[in-house]
Amino acid sequence: MTQSEPTDREFAHLSQQGDHGAFSRLVRRYQDRIYRFILRMVGSHDEAIELTQDTFIKAWQALPEWRPEAEFRTWLFRIASNMALDCLRRRKVVQFVALDENYDVSDETGNPETLLRTKQRLRALDLALGRLPHDQREVVLLRDVEDMSYAEISATLRINEGTVKSRLARAREALLAYRKRENA
Amino acid sequence: MKSESDCPRTEQLSALIDDELAAEPREDIASHAAVCPLCGPLLLELTEQRALMHSLAGTRPGVDLGPEIERRLAPRPRPRPRPAEGSWWRGWRLAPAGLAAASVLATGIYSGALLTAGAGIAVARPTAMAAFDPVPPGGICVGVPSCYSRGR
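Conventions and cut-offs
Residues numbered from 1 in each chain as written. Chains lettered and ligands numbered in written order. Predicted model: local features only at pLDDT ≥ 70, side-chain atom pairs only at ≥ 80, totals over all residues. Helix = DSSP H or I, 4+ residues; strand = E, 2+ residues; numbered from the N terminus. Buried ≥ 20, exposed ≤ 12 C-beta atoms within 10 Å, placed from the backbone. Contact = placed C-beta atoms within 7 Å. Axes fitted to C-alpha atoms, helices over the stretch in contact; angles between N-to-C directions. Parallel < 35°, antiparallel > 145°, perpendicular 65-115°, else oblique. Nonpolar A, V, L, I, M, F, W, Y, C, P; charged D, E, K, R; others polar. Expected span 1.5 Å × (residues − 1). Bend = angle between axes of the 7 residues up to and from the residue. Left-handed = near helix turned anticlockwise from the far one by under 90°. Core = buried A, V, L, I, M, F, W, Y, C linked by C-beta atoms within 7 Å. Arc of directions from axis to C-beta.

Once that is clear, we can look at the overall build of chain B. For chain B, the helix and strand inventory stands at six helices and zero strands. Shown N-terminal to C-terminal, the secondary structure of chain B runs as helices and strands in the order α-α-α-α-α-α. When each of the 152 residues of chain B is scored for burial, the buried share is 11%. Of all intrachain contacts in chain B linking residues separated by at least 6 positions in sequence, the fraction that spans at least 24 positions is 38%.

Structure, rendered in structure tokens:
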């Protein structure tokens, strides 16, 4: 008989009581997701690494105020979103963020030609994402990359679901337009 | 022939691919897109783009951030366990301290009364009892032999 993995809520509750081990499990569960979200918000691998660490440190400090009614994942992404936005504000570059040139966007395997084509498409997509306003970019990332529902995005960003729906549609339209322009 | 104004907004098509529409509008929009030369291709593009976006989920930092984060965590003081409110034992535990406080208070009041009222207290003694005093009537002290008549 196998024991089921503890839920986020259980780990978060233990972390609230000062359990470093439980918090480390949450870090390992979410570090990739937080990193890739922040990476595409700020466009720099080094800054994304630093901000991911800061997000978890901030979460640790704020955990005593966390209430079990709030889903841990949305609560954590809210912190990450604020971290990314603060970083963009400090840089005074909120509109356009391009990924580092030397950053490898995919770890897919396949024949070299397919791999190259996939990389090119993903790089073009990343470039188009970087041109989106940050509020549209974060909505489309949370929906299409992190698979959050409209209700979860609404809770994460503290905006209503109608705004999520319209912002997401605008983001997708803009992305299509940028990509078509790039291909033309 | 249908015009472009009959088409649902992109917002509805976008919500359709996310399965975030109620049953009725979902069926209406899906059946419209199936025949519309404008909405059909747009729906396909949105769906393809969403799949491409999803492939970005493979991005990883390439390093485990756990040890560095754990090193930076400040220790959090554990809350001390408290006994249940209204426990009968809690009251009894205070008894020794209460008794000590009461005895200190009583001693203080007694000493205070002696100091303030002691000078004014005169013990009335009957004159007949003076014969039993260690100092004879008219004597000054007990121990000095010159004070006594020695039976002469």
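Attention now goes to the overall build of chain A. Within chain A, the regular secondary structure consists of eight helices and zero strands. The N-to-C order of helical and strand elements in chain A reads α-α-α-α-α-α-α-α.

Look at helix α8 (residues 161–183) of chain A against helix α1 (residues 10–17) of chain B: their axes get within 9 Å of each other, and the N-to-C directions meet at 95°. Overall, the two elements α8(A) and α1(B) adopt an arrangement that is roughly perpendicular. Packed against α8(A), whose contacting residues are Lys165(A), Ser166(A), Leu168(A), Ala169(A), Arg172(A) and Glu173(A), the element α1(B) presents Thr10(B), Glu11(B), Ser14(B) and Ala15(B) at the interface. For the contact of α8(A) with α1(B), the per-class residue count stands at three nonpolar, three polar and four charged.

Moving on, we get to helix α2 (residues 20–42) of chain A. Helical periodicity: at 3.6 residues per turn, an α-helix aligns residues three or four positions apart in one direction. Residues and elements named next belong to chain A. The first and last C-alpha atoms of α2 sit only 29 Å apart over 23 residues, clearly below the 33 Å expected at 1.5 Å per residue. Of all the bends found along α2, the most pronounced is centred on Tyr-30 and spans about 50°. Where α2 terminates, the next one or two residues include Gly-43, which has phi positive at roughly 80°.

Across the boundary between the two partners, chain A contributes 38 residues, which contact 30 residues of chain B. For the side of chain A that touches chain B, the secondary-structure elements that each account for two or more residues are α2, α3 (45–62), α5 (112–131), α6 (134–145) and α8 of chain A. Here the element with the most residues in the side of chain A that touches chain B is α2(A); it accounts for ten residues. Broken down by class, the residue content of the side of chain A that touches chain B amounts to 18 nonpolar, nine polar and eleven charged.

So, about the packing of α6(A) against helix α7 (residues 150–157) of chain A. All names here are of chain A. Between α6 and α7, whose axes approach to 10 Å, the crossing angle comes to 135°. The angle between α6 and α7 falls in the class oblique. Relative to α7, α6 is oriented so that their crossing is right-handed. In this structure, α6 contributes Glu-138, Val-139, Leu-142 and Arg-143 to the contact, and α7 contributes Ile-153, Thr-156 and Leu-157.

Moving on, we get to the environment of His13(A). All names here are of chain A. Within the element layout of this structure, His-13 appears in helix α1 (residues 8–16). A residue is classified by how many C-beta atoms lie within 10 Å of it, and His-13, with 17 of them, is partly exposed. Along the backbone, His-13 and Asn-82 are 69 residues apart, and their C-alpha atoms lie at a distance of 23 Å.

Take the nonpolar core next. Counting residues in each nonpolar core, the largest one holds 47 residues, and the members touching the most others are Ile38(A), Val42(A), Ala80(A) and Ala84(A). Among the elements that line this core, the one with the most residues is α2(A), at eleven residues. Formed by ten residues, the second largest nonpolar core is a distinct cluster that contains Leu13(B), Cys39(B), Leu43(B) and Leu46(B).

Residue and element names in this part refer to chain A. Taking 1.5 Å as the rise per residue, helix α4 (residues 72–91) with 20 residues should run 28 Å; its terminal C-alpha atoms sit 29 Å apart, in good agreement. Taken residue by residue, α4 has Phe-72, Leu-76, Phe-77, Ala-80, Ser-81, Met-83, Ala-84 and Cys-87 as its buried positions. Burial along α4 is one-sided: seen end-on, the buried residues are contained in an arc of 165°. The exposed residues of α4 that point more than 90 degrees off its buried face are Asp-86 and Arg-89. In this fold, the buried residues of α4 make contact with α1, α2, α3, α6 and α7. Phi turns positive, to about 60°, at Lys-92, one or two residues after α4.

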